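Coordinates in review
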Amino acid sequence: PVADSAVAGPGGAPGHGVLGYGAPGVGVPDHPVLDRSGAMRRLELDAESYGQLLALMTVEVAGMLDALTEAWRNGDASAMRLHAHRLKSEAANVGAEEVRFAAGRLEQLLRQQDAADGDVPRTAASGDASAAVSHLRTALARLAAVLRQ
């Protein structure tokens, strides 16, 4: 059985996140993959209702990730930011803390990139966003693994 809060690090092992997010010395705390008990308490749901909500959320998230990927391919930072924000919100609703953090980080990077308006070399900004997208994909994969348990 999965614990109420599952924390996974690289390769699914307990500990720090991947790609520098949550790594020791970076100043970012670990984030549980899924905080079931916190979300159930906050939403006032029983286990069955929460399970149904998670099932709906996974379908929605798959669509959002597809849309985010398409926006990435098209170089549409505005659409990427919108999809990252929606992913962050959906994850927060169900207690998917690592996905919430990763999506929030991507959204923040995209906002900073917009604010910089050319002050940051595109290759550096693109590399940061690419790492953030990769981290988000990893977080979603770990969430899927926890949900299969």
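Refer to the structure printed above.
1. Some remarks on the overall build of the protein
In terms of regular secondary structure, the protein is built from 5 helices and 2 strands. Going from the N terminus to the C terminus, the protein shows its helices and strands as β-β-α-α-α-α-α. Within the protein, buried positions represent 39% of all 149 residues. The long-range fraction of contacts in the protein, counting pairs at least 24 apart against all pairs at least 6 apart in sequence, stands at 66%. As presented, the protein carries roughly 7,900 Å² of accessible surface, and 53% of it is formed by carbon and sulfur atoms.

2. Some words on the pattern of salt bridges
On inspection of all chains with the given rule, the structure shows 5 salt bridges. Ionic pairing is found between Lys88 and Glu107, a salt bridge with its closest N-O pair at 2.7 Å. Remark: Glu107 occurs in helix H4 (residues 97–116) and Lys88 occurs in helix H3 (residues 77–94); sequence separation between them is 19 residues. Overall, Glu107 belongs to the buried group, its relative accessible area being 4%. Bridged by salt links that share partners, the residues Lys88, Glu107 and Arg111 form one connected network.

3. Overview of H3
With 18 residues, H3 extends 26 Å from end C-alpha to end C-alpha; this agrees with the ideal 26 Å at 1.5 Å per step. Looking only at H3, the buried set comprises Ala79, Met80, Arg81, His83, Ala84, Leu87, Ala91 and Val94. Directly after H3, the chain includes Gly95, whose backbone phi takes a positive value near 85 degrees.

4. Considerations on unusual backbone geometry
At Glu44, a residue that is not glycine, the phi angle is positive and equals roughly 55 degrees. Secondary-structure assignment places Glu44 in the loop between helix H1 (36–43) and helix H2 (47–74). You can call Glu44 exposed: its relative accessible area is 72%.

5. Looking at the nonpolar core
Counting 32 residues, the largest nonpolar core has Ala96, Val99, Leu106 and Leu136 as the members making the most contacts within it. For this core, the secondary structure elements donating two or more residues are H2, H3, H4 and helix H5 (122–148). In this view, Val99 contacts Ala91, Leu136, Ala139, Leu140 and Leu143; residues no more than four positions away in its chain are not counted.

6. Observations regarding H4
Helix length check: H4, at 20 residues, gives a terminal C-alpha distance of 28 Å against a target of 28 Å (1.5 Å per residue), a fit within 8%. Listed as buried for H4 are Glu97, Glu98, Val99, Phe101, Ala102, Ala103, Leu106, Glu107, Leu109, Leu110, Gln113 and Ala116.

7. Quick look at the packing of H1 against H3
Close contact between H1 and H3 brings their axes to 7 Å; oriented N to C, the two are set at 90 degrees. Classified by the angle their axes make, H1 and H3 are roughly perpendicular. Touching Ala39, Arg42 and Leu43 of H1 are Ala92, Asn93 and Val94, all from H3. Its residues assigned to classes, the contact of H1 with H3 comprises 4 nonpolar, 1 polar and 1 charged.

8. Comments concerning the environment of Ala55
Within the fold, Ala55 resides in helix H2. Relative accessible area serves as the criterion here: at 45%, Ala55 is assigned to the partly exposed category.

9. Some points on the side chain of Glu97
By secondary structure assignment, the location of Glu97 is in helix H4. For Glu97, the side chain forms a polar contact with the side chain of Arg100, separated by 2.8 Å. Ignoring anything within four residues of it in the chain, the contact list for Glu97 reads His31, Pro32, Val33 and Asp35.

Parameters and conventions
Residues numbered from 1 in each chain as written. Predicted model: local features only at pLDDT ≥ 70, side-chain atom pairs only at ≥ 80, totals over all residues. Heavy atoms only, no water. Helix = DSSP H or I, 4+ residues; strand = E, 2+ residues; numbered from the N terminus. Buried < 20%, exposed > 50% of the residue type's maximum accessible area, 1.4 Å probe, protein only. Contact = heavy atoms within 4.5 Å. Areas by Shrake-Rupley, 256 points an atom, 1.4 Å probe, with all protein chains shown as cover. Salt bridge = Lys/Arg side-chain N within 4 Å of Asp/Glu carboxyl O. Expected span 1.5 Å × (residues − 1). Core = buried A, V, L, I, M, F, W, Y, C linked by side-chain atoms within 4.5 Å. Axes fitted to C-alpha atoms, helices over the stretch in contact; angles between N-to-C directions. Parallel < 35°, antiparallel > 145°, perpendicular 65-115°, else oblique. Nonpolar A, V, L, I, M, F, W, Y, C, P; charged D, E, K, R; others polar. Polar contact = N/O pair within 3.5 Å; in protein donor to acceptor, adjacent residues only side chain to side chain.

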